[in-house]
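Tertiary structure, described
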Amino acid sequence: MAHVELSLSGAFVPQARTPSEAEFITSVERWTMTVAAADEPCLVIDVEGSIVAVSPSGSELLGLGKPADAVGRRLNAAVHLIDFTAGGGRLEDPEAENIPPLLALRSERLARGLIRVVPGEGEAPLTVDAISTPLMAGDRVGGTLTFLSPVRY
């Protein structure tokens, strides 16, 4: 018959410690640093809908110019959003507020959808798949993180 023996060598007493610096950094700040250096097209916006960070490839995909120039600009004003009609008219504010990064901010839930952008003057419209997740700052949403992927057809 098998025999199992357990031995404890003293009680575990957790030690008091001071919180590390990492515990004071919000997820928005942490993702801002990550996105700024990312190879993948992605961006972070704050609760006001302003761009906090965008990857170089994300900035190129959305036609934002240099990433540093995009920071601080309101997303739906910085990106030339168009609708899905044949004419590709400018997407007006009520509809523009429903693009995934802004929808995730407002709904405090994961949001996914297609957006159509004109990356630059005279360039063909581009359809982009966007997946956005809220980022917490304490017990409230402090921004959103969005990953972007061009749709090729």
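Refer to the structure printed above.
Notes on the structure in this doc start here. (Residues numbered from 1 in each chain as written. Predicted model: local features only at pLDDT ≥ 70, side-chain atom pairs only at ≥ 80, totals over all residues. Heavy atoms only, no water.)

Topic: the environment of Tyr 153
You can see Tyr 153 is positioned in the segment after β6 (140–150). Sequence separation between Tyr 153 and Thr 127 is 26 residues, and the spatial gap between their C-alpha atoms is 9.4 Å. (Helix = DSSP H or I, 4+ residues; strand = E, 2+ residues; numbered from the N terminus.)

Some thoughts on the pattern of salt bridges
As enumerated under the stated definition, the model contains two salt bridges in all. Across the pair Glu 97 and Arg 74 runs a salt bridge whose closest N-O atoms are separated by 3.2 Å. Pair noted here: Glu 97 is in the loop between α5 (93–96) and α6 (100–107) and Arg 74 is in the loop between α3 (67–70) and α4 (75–78), with a separation of 23 residues, a long-range link. You can call Glu 97 partly exposed: its relative accessible area is 25%. The closest approach of N and O atoms between Arg 112 and Asp 129, which form a salt bridge, is 2.6 Å. With Arg 112 in strand β4 (residues 111–117) and Asp 129 in strand β5 (residues 126–137), the pair connects residues that are 17 residues apart, well separated along the chain. Since its relative accessible area comes to 15%, Asp 129 is described here as buried. (Salt bridge = Lys/Arg side-chain N within 4 Å of Asp/Glu carboxyl O. Buried < 20%, exposed > 50% of the residue type's maximum accessible area, 1.4 Å probe, protein only.)

Thoughts on the environment of Arg 116
Locating Arg 116 in the fold gives a position in strand β4. With a relative accessible area of 16%, Arg 116 lands in the buried category. Counting along the chain gives 25 residues from Arg 116 to Leu 91, while the straight-line C-alpha distance between them is 9.0 Å. Dropping the residues within four chain positions of it, Arg 116 is found in contact with His 80, Leu 81, Ile 82, Asp 83, Phe 84, Thr 85, Gly 88, Pro 125, Leu 126 and Thr 127. (Contact = heavy atoms within 4.5 Å.)

Details of the environment of Ala 53
Inspection of the secondary structure puts Ala 53 in strand β2 (residues 51–54). Separated by 10 residues in the primary sequence, Ala 53 and Leu 43 place their C-alpha atoms 5.6 Å from one another.

Here's the deal with the pairing of strand β1 (residues 42–46)
In terms of burial, β1 is largely enclosed, as four of its five residues are buried. By the bridge criterion, five bridges tie β1 to β6 in an arrangement that is antiparallel. Residue pairing in the sheet places Leu 43 in a bridge with Thr 146 of β6. Pairing of β1 with β2 involves three bridges; the strand directions are antiparallel. What sits directly across from Ile 45, in β2, is Ile 51. Joining the antiparallel neighbours β1 and β2 is a turn of four residues, in which Gly 49 adopts a positive phi near 85°. (Pairing = 2+ DSSP bridges.)

What about the sheet that holds strand β3 (residues 81–82)?
Taken together, the six strands give an open sheet; going across it, the order is β2-β1-β6-β5-β4-β3, and neighbouring strands pair in antiparallel fashion. One side of each edge strand has no neighbouring strand; the edge strands of this open sheet are β2 and β3.

Take it as geometry only, folks, not as evidence of what the structure does.
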